[in-house]
Structures are given as structure tokens and as C-alpha cells.
Amino acid sequence: MSTDGLIVVDKPGGMTSHDVVARIRRLARTRRVGHGGTLDPMATGVLVIGVGRATRLLTYVIGAGKSYAATIRLGQATVTDDAEGEVVATTPAGAVTDDGVRAALAALTGEIDQVPSAVSAIKINGQRAYKRVRDGETVELPARRVTVSRLDVRDIRRDAPDVVDVDVDVTCSSGTYIRALARDAGAALGVGGHLTALRRTAVGGFTLAEAATLDQLEQRAPDVVNLPLDAAAARFFPRRDATADETRVLSHGGPLTPAGITGPYAVFDPAGGLIAIVSERDGRARAEIVLAPA
């Protein structure tokens, strides 16, 4: 099996994304491993891992849309906007109506300007925001434009006094913080809110249905890549098939004649091997990255 490719991992709770990368490095017996989009330790679900040359595809995976199943608790605000941080404010939420909950969440759909959680991995002057917060600083991050294309309420539960738990499904653009949605919904309702559960169900076209647990990967090591490089690119990008002459030009970094494909797209040689990821501009189809073996 190819050592270059992607692995769709079902990340367990309690591990960082870097912890998963470290485990895959051991299982795949290579240092060249990376991940396509951080999941908080509390979160579970789809984490796309790149091995070997496929690590170069991860920049595109990181930018893909994502889907989540989450639980928001109204009535409590935490320092991290999720269950891992200490509760900093409590306001009884029993009087919040179901219609009020749905309206507050509906207001957070579409294109919105979202202020990321202060306890996030965003860098400020070269240092992660969460480290600055833990060092006692007050951190204010600028709002970022994100798109929440779907925010469906699955259930509203009142199992404990003074709190309301809301189960939601979210589909959003890269860079959207689900715990910030919980925080902002709670703030809009005047009772505070935070995230108590988060499971990523999809990254681009990669879903939980094809995800493997770390235990499953352990059992088949070192053959842990389940989507070899060529197949991964074919799944993720529009496809263009090159002639032998075009293959020779492109594999040496030269341009091709545009094909009118909205890019970036994957170009394959006559044998079906991946040559490069290409985009078209200024009347040329040029490689963004060349992946053909040297």
C-alpha cells in the first residue's frame, strides 16, 4: 500500500490533533505526517491526516468546509467557551423559550462577523492566544467573516434546573468556531452559553463513514493510509488528464494550455498518476504544487 496518502481518523476525546499526528508517525514509521485542521482536545470526529507527499494537500483540506454535531449549554458562560474552562458566569435559563433559542441561533447563520474564542490557537505577535490568556493577559481578537450555511436545532432539553441544552448540526466555512456560536447565542439570550460536546462529522467530502479509529489503525500498521495520494486527489479536486508531452512539461514546473476548469484542480499522467495541483491564471495553467515523484 502507498505510504503517501490521506487517513480519515475518528479522533477520540482527550487528545490534541498533534497527539494524533504523533501516533500516526509511529504507526506509519515516518516523520512526514500532518493534519488538515485542528480539533480541540474535547472534540471528537473527522481529522484528516496526510502522510508523505500527501502532506502537501493539507493546505487545501484545511480550507474546506466542515460539518459538526454539537451541544450548547445555555445558562453558563466559561472562560474557554467550552466545557474545558471554568464557569465564569451563571444565569438561570429556565425562562428561555424554545422559540427564543431557535431565533438566537437563526441569527447566527449566513455570512457573519465572528470574534474567535480568546482561548484559541490564533497567533498574536507570534504567540498563541490561549497561551496569553493562561499567562493572565486579557486578549481581544478581531472579528472574522465566516459563513454558517446550516445551523439546525435537533433537540432542546431541560434535564437540569436553570440550564437548557441544545443539540445542533452545523455546516460552516473553515475558520468558524463552534464554541463561539455557543457563546454568542448565550449572550444574545442574556444567559451565557458554552459548548459541552463537539463531534466533527465531515471535512469537505471526507465523512465519519470512512473514518478509522486509532485502535483500528494500530491493528493494520504500518499500512495505515486508506486513501493513496492519487485517489485522495481524485476525490478532493476536479480532474484533468494530461498527455505524455503535457506530463513532461508540468512535472518540470512548466505551464500548460488552460482547459477552462475552475481551479485548483488535479492533473494526472496517462497512467493515472498524480502530477500536480494546478490553477489557471493569466492565460496559463500553472502548478501550485508538483507532486510527481522526482
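Residues numbered from 1 in each chain as written. Predicted model: local features only at pLDDT ≥ 70, side-chain atom pairs only at ≥ 80, totals over all residues. Heavy atoms only, no water.

Going by what an unreviewed UniProt entry lists, the chain is known as tRNA pseudouridine synthase B and is assigned to Micromonospora chalcea. Quoted verbatim from the Function (unreviewed entry) heading of the UniProt record, the comment on the chain is "Responsible for synthesis of pseudouridine from uracil-55 in the psi GC loop of transfer RNAs." The UniProt entry for the chain carries this comment under Catalytic activity (unreviewed entry): "uridine(55) in tRNA = pseudouridine(55) in tRNA". (UniProt positions renumbered as here; feature names shortened; annotations may be inferred.)

Engineer: Describe the UniProt feature "active site" (unreviewed entry) in the chain, naming the residues involved and giving the relevant values.
Structural biologist: Within the UniProt annotation, "active site" (unreviewed entry) is assigned to Asp40. With respect to the element layout, Asp40 can be found in the loop between strand E2 (33-35) and strand E3 (44-51). If we ignore the near neighbours within four places in the chain, the residues touching Asp40 are Lys11, Met15, Asp82 and Arg179. (Helix = DSSP H or I, 4+ residues; strand = E, 2+ residues; numbered from the N terminus. Contact = heavy atoms within 4.5 Å.)

Engineer: Tell me about the side chain of Thr247, residues and numbers included.
Structural biologist: Position of Thr247 among the secondary structure elements: in helix H8 (residues 244-251). Classification of Thr247 by relative accessible area gives buried; the value is 15%. Every residue in contact with Thr247, bar those within four places of it in the chain, is listed here: Ala242, Asp269, Pro270 and Ile275. (Buried < 20%, exposed > 50% of the residue type's maximum accessible area, 1.4 Å probe, protein only.)

Engineer: For the UniProt feature "domain: tRNA pseudouridine synthase II TruB subfamily 2 C-terminal" (unreviewed entry) in the chain, give the residues involved together with the corresponding values.
Structural biologist: Per the UniProt record, the feature "domain: tRNA pseudouridine synthase II TruB subfamily 2 C-terminal" (unreviewed entry) sits at residues 237-291. The span residues 237-291 is 15% helix and 40% strand, and its two end C-alpha atoms sit 14 Å from each other.

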